[in-house]
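# Coordinate analysis (summary)
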Amino acid sequence: QVQLVESGGGSVQPGGSLRLSCAASGSNFRLGAMGWYRQAPGKQREWVAAITNVGSTHYEDSVKGRFTISRDHAKKTVYLQMNSLKPEDTAIYYCNGDSDPPGLIPRDYWGQGTQVTVSS
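Described in the following lines is the structure provided in the data block. Only a predicted model underlies this, so the values are computations on that prediction, with no experimental measurement involved.

Scoring rules and cut-offs
Each residue is numbered by its place in its chain's sequence as written, counting from 1. Local features in this predicted model are restricted to residues whose pLDDT is 70 or higher, and side-chain atom pairs enter the listing and the counts only when it is 80 or higher, whereas totals over whole chains, interfaces and linings include all residues. Where side-chain values are given, they derive from all heavy atoms of the structure, hydrogens and water being excluded. In summary, the pairing rule links any two rings of Phe, Tyr or Trp, Trp by its six-membered ring, whose centres are within 6.5 Å, and it sorts them by plane angle into stacked for under 30 degrees, edge-to-face for over 60 and tilted for everything else. Numbering of helices and strands runs from the N terminus; a helix is a DSSP stretch of H or I covering at least four residues, while a strand is a stretch of E covering at least two. Think of it in three bands: residues with accessible area under 20% of the maximum for their type are buried, residues over 50% are exposed, and the middle band is partly exposed, with areas taken using a 1.4 Å probe on protein chains only. For a lysine, the NZ atom is tested; for an arginine, the CZ atom; a charge sits over a ring if that atom is within 6 Å of the ring centre and within 35 degrees of the ring normal. Among the buried residues, those of types Ala, Val, Leu, Ile, Met, Phe, Trp, Tyr and Cys that are joined through side-chain atoms within 4.5 Å form a nonpolar core. Here a cavity denotes grid points, spaced 1 Å and computed from the protein atoms alone, that fit a 1.4 Å probe unable to get out, and a pocket denotes an open set having protein on both sides within 12 Å along at least 5 of 7 lines; residues with an atom within 4 Å of a point are the lining. Grid points are joined across faces, edges and corners, and a volume is the space filled by probe spheres set on the points.

Time to look at the packing of aromatic side chains. Scanning the entire structure with this criterion turns up two aromatic pairs. With a centroid separation of 5.2 Å and an interplanar angle of 85°, the aromatic rings of Tyr37 and Trp110 are classed as edge-to-face. Here Trp110 lies in the loop between β9 (91-100) and β10 (114-118) and Tyr37 lies in strand β4 (residues 30-39), a separation of 73 residues in the sequence. With a relative accessible area of 28%, Trp110 lands in the partly exposed category. Seen in terms of ring centroids, Tyr94 and Trp110 are 5.9 Å apart; in terms of plane orientation they differ by 75°. Their pairing is edge-to-face. Remark: Trp110 occurs in the loop between β9 and β10 and Tyr94 occurs in strand β9; sequence separation between them is 16 residues. Judged by relative accessible area, Tyr94 falls into the buried class, the value being 10%. Just above the ring of Tyr94 sits the side chain of Arg45; from NZ or CZ to the centre is 5.5 Å. In this arrangement the basic side chain of Arg45 is found over the ring face of Trp110, its NZ or CZ atom lying 3.9 Å from the centre.

Side chains of a nonpolar character, in soluble globular proteins, are inclined to be buried together. Residues Leu4, Trp36, Phe67, Ile69, Leu80, Met82 and Tyr93 are the most contacted members of the largest nonpolar core, which totals 30 residues. At the level of secondary structure, the elements contributing two or more residues to this core comprise β3 (18-24), β4, β5 (46-51), β7 (67-72), β8 (77-82), β9 and β10. Here this core takes four residues from β3, the largest share from any one element.

Turning to the layout of surface pockets, a few remarks are in order. Over the atoms, a rolled probe matching the size of one water molecule traces out where space is still vacant. Roughly 220 Å³ of internal volume is contained in the largest pocket. Considering the residues around the largest pocket, the lining is formed by 15 residues, among which Asn96, Gly97, Asp98, Ile105 and Arg107 are closest to the centre. Of all the elements in the fold, those that place two or more residues in the lining of the largest pocket are β4 and β9.

Following this line, the structure appears as structure tokens:
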């Protein structure tokens with residue numbers, strides 16, 4: 001099975017930027033469709049952004065225009081560039097998705113996540 005490790009979180013002021021990384025371990029596979037999710041205290045995990053297996057991107061309305069998801073197949077890594085951060089973006093951010101060939105990432109798999117805190 002593939003493991004996903006998130007990194008790049010931190011504490012920033014409103015309007016600041018962060019770049020999150022999601023690195024997949026293992027060999028003999030490529031990343032398929034991948035997504036970023038976040039969970040704030042007392043709230044359910046919510047979907048934030050996705051990139052399909054053919055490279056098209058999709059975003060939750062509240063982050064559209066501010067966040068950009070991208071992928072480096074050679075590094076087996078997915079990124080989330082986060083600009084113009086708001087306090088409402090504060091959460092633990094996770095990545096998840098599919099492998100190619102499929103089935104190497106469990107559908108209920110969640111790693112440690114990376115904490116993003118936006119405050120003045």
